[in-house]
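So you can see what is in the structure, the chains are spelled out below.
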Amino acid sequence: MKDHIWKRAIEIGNHICRTRDTVRDTAALFGVSKSTVHKDVTERLPRINPELAAKVKRVLDHNKAERHIRGGAATRQKYLER
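Residues numbered from 1 in each chain as written. Predicted model: local features only at pLDDT ≥ 70, side-chain atom pairs only at ≥ 80, totals over all residues. Heavy atoms only, no water.

> Honestly, the side chain of Arg 44 in this entry has me stumped. Any pointers?
For Arg 44, the location among the structural elements is in helix 3 (residues 34-48). A relative accessible area of 17% places Arg 44 in the buried class. Polar side-chain contacts of Arg 44 include one of 2.5 Å to the side chain of Asp 40. (Helix = DSSP H or I, 4+ residues; strand = E, 2+ residues; numbered from the N terminus. Buried < 20%, exposed > 50% of the residue type's maximum accessible area, 1.4 Å probe, protein only. Polar contact = N/O pair within 3.5 Å; in protein donor to acceptor, adjacent residues only side chain to side chain.)

> Sorry, what's going on with the packing of helix 1 (residues 3-19) against helix 2 (residues 23-30) here?
Pairs of packed helices are described in terms of their axes, by the angle between the two and the distance that separates them. Running from N to C, helix 1 and helix 2 point in directions that differ by 130°, and their axes come no closer than 11 Å. Classed by the angle they form, the pair helix 1 and helix 2 counts as oblique. The handedness of the crossing between helix 1 and helix 2 comes out as right-handed. When helix 1 is examined against helix 2, the residues Glu 11, Ile 12, His 15 and Ile 16 are found in contact with a partner set consisting of Thr 26, Leu 29 and Phe 30. Grouping the constituent residues of the contact of helix 1 with helix 2 by class yields 4 nonpolar, 2 polar and 1 charged. (Axes fitted to C-alpha atoms, helices over the stretch in contact; angles between N-to-C directions. Parallel < 35°, antiparallel > 145°, perpendicular 65-115°, else oblique. Left-handed = near helix turned anticlockwise from the far one by under 90°. Contact = heavy atoms within 4.5 Å. Nonpolar A, V, L, I, M, F, W, Y, C, P; charged D, E, K, R; others polar.)

> I would appreciate a short explanation of the side chain of Thr 22 in the present structure.
You can see Thr 22 is positioned in the loop between helix 1 and helix 2. Residue Thr 22 is classed as buried on the basis of its relative accessible area, which comes to 18%. When neighbours within four sequence positions are excluded, Thr 22 is seen to be in contact with Asn 63 and Arg 70.

Here you go:
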């Protein structure tokens, strides 16, 4: 794995743990695709830092469990603005 990819995976993992951001928000912040963020934290990070990967997984699982609520809130807001 190239050095810049290794560093990016760790930075993304630390960011997600610190801010509890979603994959989409993290991708926008780092200027990469959602697929890249997901691959970094699910495939690359466990090989680099298993402890950090476990923390990130807990945050992503929490975000996944809440996504239907976020989607409903976004739809509600959309129709309130009309």
